[in-house]
Amino acid sequence: MKVFFKHVTIFLCGFFILSTCLSCASFSEAKRKKREKWIFDNYLLEAQSFTNRRKYLSAIKTLKEMKQKCPDKEKVMTNYLIGYNYYELKTYKVAKKYLDSVFFLFRELGSDEERAENEKFTVLATLLLEKIDHAENVFDPYEVKPEIEKMREKKIKPAF
């Protein structure tokens, strides 16, 4: 009798685990199908959520997916946001690439209304690029070279 209950318990546990896995798979499939119907704002909200939770790689993935699905919408903002997330990851070389593209895309904007709406991203990109330059210089051993040259010019007098 004990063996019977043991086998029934194992069977029920296995059935529960299997049904959970199948429901997860169907949930994942449903989520994927729902995501196919997403519009620009859905991607933007999810990317912002990831950024707020410091999940920068997930935010970048979402933003790149958004950029692919809506290539003509808010290019300046999208590139700034991708650059910002790379900045937070301290991947400065890639961040610079996206932040520099903000200025190029801004120059391509046609109307004054679009320029006024996107000007804030050029200001923010400039600030981030300055922070990147400063962060890179902090680790640059040649930053102290001008200081060394100034010290060489001064003559040190003996104390005695």
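Reference entry: report on the structure contained in this document. Keep in mind it's a predicted model, so treat the numbers as computed, not measured.

Further remarks concern the layout of surface pockets. Considering only enclosed or pocket space, the largest pocket measures out at about 200 Å³ in volume. If you trace the largest pocket, you find it lined by Asp72, Lys73, Glu74, Lys75, Val76, Leu105, Glu108, Leu109, Glu114, Glu117 and Asn118. Elements with a minimum of two residues in the lining of the largest pocket: helix H4 (75-88), helix H5 (92-108) and helix H6 (112-138). It is H6 that provides the largest number of residues to the lining of the largest pocket, a total of three residues. Of the residues assigned to the lining of the largest pocket, the class counts are three nonpolar, one polar and seven charged.

All right, on to unusual backbone geometry then. The phi angle at arginine 54 is positive, at roughly 60 degrees, despite the residue not being glycine. Assignment of secondary structure puts arginine 54 in the loop between helix H2 (40-52) and helix H3 (56-69). Of the residues examined, arginine 54 reaches a relative accessible area of 67% and is grouped as exposed. One non-glycine residue, lysine 90, lies in positive phi territory at about 65 degrees. Topologically, lysine 90 is positioned in the loop between H4 and H5. In this structure lysine 90 comes out as exposed when scored by relative accessible area, which is 59%.

What counts, and where the lines are drawn
- Residues numbered from 1 in each chain as written.
- Predicted model: local features only at pLDDT ≥ 70, side-chain atom pairs only at ≥ 80, totals over all residues.
- Heavy atoms only, no water.
- 1 Å grid on protein atoms, 1.4 Å probe; cavity = no way out; pocket = protein on both sides within 12 Å on 5 of 7 lines; lining within 4 Å.
- Points joined across faces, edges and corners; volume = space filled by probe spheres on them.
- Helix = DSSP H or I, 4+ residues; strand = E, 2+ residues; numbered from the N terminus.
- Nonpolar A, V, L, I, M, F, W, Y, C, P; charged D, E, K, R; others polar.
- Buried < 20%, exposed > 50% of the residue type's maximum accessible area, 1.4 Å probe, protein only.

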